[in-house]
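# Working through the structure, step by step
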Amino acid sequence: MRIARFSIDGNVAFGAVEGAEPDELVLDIIKGIPFADFELSGTKVPLSKVRLLPPVLPNKIVAFGRNYAEHARELGNEVPDAPFAFFKPSTSVIGHGDDIQYPSFSEELHHEAELAVVIGRMCREVPRERVAEVIFGYTCANDVTARDVQRREKQWARAKGFDTSCPLGPWVETGLDLATASDLTIQLTVDGGQRQLGRTSEMTHSIADLIVNITEAMTLLPGDVILTGTPAGVGPLAVGDEVAVTIEGIGTLTNKVVKRG
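As the structure is a computational prediction, the values presented were derived from the model and not from experiment. (Residues numbered from 1 in each chain as written. Predicted model: local features only at pLDDT ≥ 70, side-chain atom pairs only at ≥ 80, totals over all residues. Heavy atoms only, no water.)

The subject of this paragraph is the nonpolar core. Soluble globular proteins: nonpolar side chains tend toward being buried together. Counting 45 residues, the largest nonpolar core has Tyr138, Ile207 and Ile211 as the members making the most contacts within it. Of all the elements in the fold, those that place two or more residues in this core are β6 (61-64), β9 (99-102), β11 (113-119), β12 (135-142), β15 (185-190), α5 (207-215), β19 (242-247) and β20 (251-259). In terms of residues, this core owes the most to one element, α5, which gives six residues. Apart from the residues within four sequence positions on either side, Ile207 is in contact with Leu115, Val117, Ile135, Tyr138, Leu178, Ala181, Ser182 and Thr228. (Core = buried A, V, L, I, M, F, W, Y, C linked by side-chain atoms within 4.5 Å. Buried < 20%, exposed > 50% of the residue type's maximum accessible area, 1.4 Å probe, protein only. Helix = DSSP H or I, 4+ residues; strand = E, 2+ residues; numbered from the N terminus. Contact = heavy atoms within 4.5 Å.)

Below you can see the structure in the form of structure tokens.
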């Protein structure tokens, strides 16, 4: 099931996305919230009539860096022996169709296509054999990075945590099992030209590795998001660019880069 969060006539709701062709997609409005027992209302609205919002509002976004060997090497970094985590704040999140605002303090903005894991239940110290039980689903992400600031400041808080630096969407796909999610095509285009292409099977540390690692240290809550790293091919974005992240079996997340007002 594809679960979207959307607004229509000033109201915010969750809905199940139905249909196969892009121009025929409809949303069956959900009664309740998707992280608990819910029912489909049977009230359906065309996707074209709503504004898609970020599919979740995470308490925290735990991101893992340098988790694809070729990407680590393209930036001159060592491949870490253990998962390497950092955080993006909840205020960095935007949805499909929202604008990425080019930060005024950077002159080198980069795209990073990523598979995002959405947590479905409160969990801590998750054993490897139970990782699948805590996953609600998967969505597309773009870990937008002010690369010059990242190099200059060493700490990544501003470089990766600025407002609009975490596009998520267009919805959460709940129908993928862990094995399937671990071998999906992930690609990114800028104005239709391909920049990144890889497979989630190329991760140095698997989805299970990442969840085991971070829950040894902290509790994850429903709606929290884990960014699993980016394949090689990261590169610059300019004002006016349209950047699209497509992940097999999930969908396409599209955003435009604008000058920060």
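Now for the sheet that holds strand β13 (residues 145-146). Read from one edge of the open sheet, three strands run β13-β10-β18, paired in antiparallel fashion. Strands with a single pairing partner mark the edges of an open sheet, and in this sheet they are β13 and β18 (235-237). Sheet analysis places strand β10 (residues 109-111) next to β13, joined by two bridges and oriented antiparallel. Within β13, the position partnered with Leu109 by the bridge is Ala146. (Pairing = 2+ DSSP bridges.)

Below, the discussion takes up the UniProt feature "domain: Rv2993c-like N-terminal" (unreviewed entry) in the protein. Taking the numbering used here, the UniProt-annotated feature "domain: Rv2993c-like N-terminal" (unreviewed entry) corresponds to residues 1-55. Measuring from the first to the last C-alpha atom of residues 1-55 gives 13 Å, for a span that is 0% helix and 56% strand. (UniProt positions renumbered as here; feature names shortened; annotations may be inferred.)

What follows deals with the pairing of β12. A large share of β12 lies buried, amounting to eight of its eight residues. Note: β11 against β12, seven bridges, orientation antiparallel. Looking across to β12, one finds that Ala116 is bridged to Thr139. The sheet contact formed by β12 and strand β14 (residues 166-173) spans three bridges and is antiparallel. What sits directly across from Ala141, in β14, is Leu168.

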